[in-house]
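These are the residues of each chain, in order.
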Amino acid sequence: MALRSALRRFSSKPVPLGLPSPVSIRESAGKFFNEVGSFNPSKYFEEKYFWEKANVGPFFLFLFFVPSLYRSFKDFYWTQQLRKLSTEEIISDRYEWLRLNMLQDEVETELLKQMPAGGVKPLELGPATPP
């Protein structure tokens, strides 16, 4: 208990006299959600309010970073899709290789069954001895 209160005291920033004490996280989150809930686009984008009173920093930062964010999301999406396609192609190629090798093995076994008992005699193009 004593350690908790000491830790709380030393972790908080000192506030100079005359300034309000820092607001708790719960209060600041409540204030934030109230502001977001009361957001009215027609009032925000009204010219006079927009240029004189509105906090336009987040809006212009959003506009500035939209192309970069879009490109990043697009690259991420296509990387995932092509990785998935690549995996499917690899599996498909392996099955195709296996199918061809199985066919080749079946053909070889059938040819070995048809082989004559003495083996295949070599093909001679002419007589072994000259005339």
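Residues numbered from 1 in each chain as written. Predicted model: local features only at pLDDT ≥ 70, side-chain atom pairs only at ≥ 80, totals over all residues. Heavy atoms only, no water.

Caption draft 1: The arrangement of the overall build of the protein in detail. The secondary structure content of the protein amounts to five helices and zero strands. Seen in sequence order, the protein has helices and strands lined up from the N terminus as α-α-α-α-α. About 13200 Å² of surface is accessible on the protein, with carbon and sulfur atoms providing 64% of the total. (Helix = DSSP H or I, 4+ residues; strand = E, 2+ residues; numbered from the N terminus. Areas by Shrake-Rupley, 256 points an atom, 1.4 Å probe, with all protein chains shown as cover.)

Caption draft 2: How the structure looks around helix α2 (residues 25–37). With 13 residues, α2 should reach 18 Å at 1.5 Å per residue; the first-to-last C-alpha distance of 18 Å fits that figure. Where burial is concerned, little of α2 is hidden: zero out of the 13 residues are buried. (Expected span 1.5 Å × (residues − 1). Buried < 20%, exposed > 50% of the residue type's maximum accessible area, 1.4 Å probe, protein only.)

Caption draft 3: Broad picture of the environment of Y44. Following the sequence through the fold, Y44 ends up in helix α3 (residues 41–44). As for Y44 and N55, which are separated by eleven residues in sequence, their C-alpha atoms are 9.1 Å apart. The contact partners of Y44, leaving out residues within four places of it in the chain, are F39, Y49, F50, A54, N55, V56 and F59. (Contact = heavy atoms within 4.5 Å.)

Caption draft 4: Up close: helix α5 (residues 57–113). Counted at 1.5 Å a residue, the expected span for α5 with its 57 residues is 84 Å, and the 83 Å between its end C-alpha atoms agrees. The principal kink in α5, of about 45°, is found at F65, preceding the proline P67 by one to four residues. (Bend = angle between axes of the 7 residues up to and from the residue.)

Caption draft 5: The arrangement of a nonpolar patch on the surface in detail. A cluster of nonpolar side chains, contributed by W51, F60, F62, L63 and V66, occupies part of the molecular surface with about 510 Å² of accessible area. For the nonpolar patch, the leading source of residues is α5, giving four residues. Structurally, F62 can be placed in helix α5. Of the residues examined, F62 reaches a relative accessible area of 52% and is grouped as exposed. (Patch = residues over 30% accessible without salt bridge, like charges linked within 9 Å, V, L, I, M, F, W, Y side chains within 5 Å. Salt bridge = Lys/Arg side-chain N within 4 Å of Asp/Glu carboxyl O.)

Caption draft 6: Broad picture of the packing of aromatic side chains. For the structure shown, the criterion picks out seven aromatic pairs. Relative to F65, the ring of F64 has its centre 5.1 Å away and its plane inclined at 85°; by these criteria the two rings are edge-to-face. The exposure class assigned to F64 is exposed, which follows from its relative accessible area of 60%. A residue is classified by how much of its surface remains accessible, and F65, at 40% relative accessible area, is partly exposed. Ring geometry for Y77 versus W78: centroids 5.1 Å apart, planes at 75°, classification edge-to-face. Its relative accessible area of 48% is what places W78 among the partly exposed residues. Taken together, the ring pairs connect F45, F50, F59 and F60 into an aromatic cluster. (Phe/Tyr/Trp six-rings, centres within 6.5 Å; stacked < 30°, edge-to-face > 60°.)

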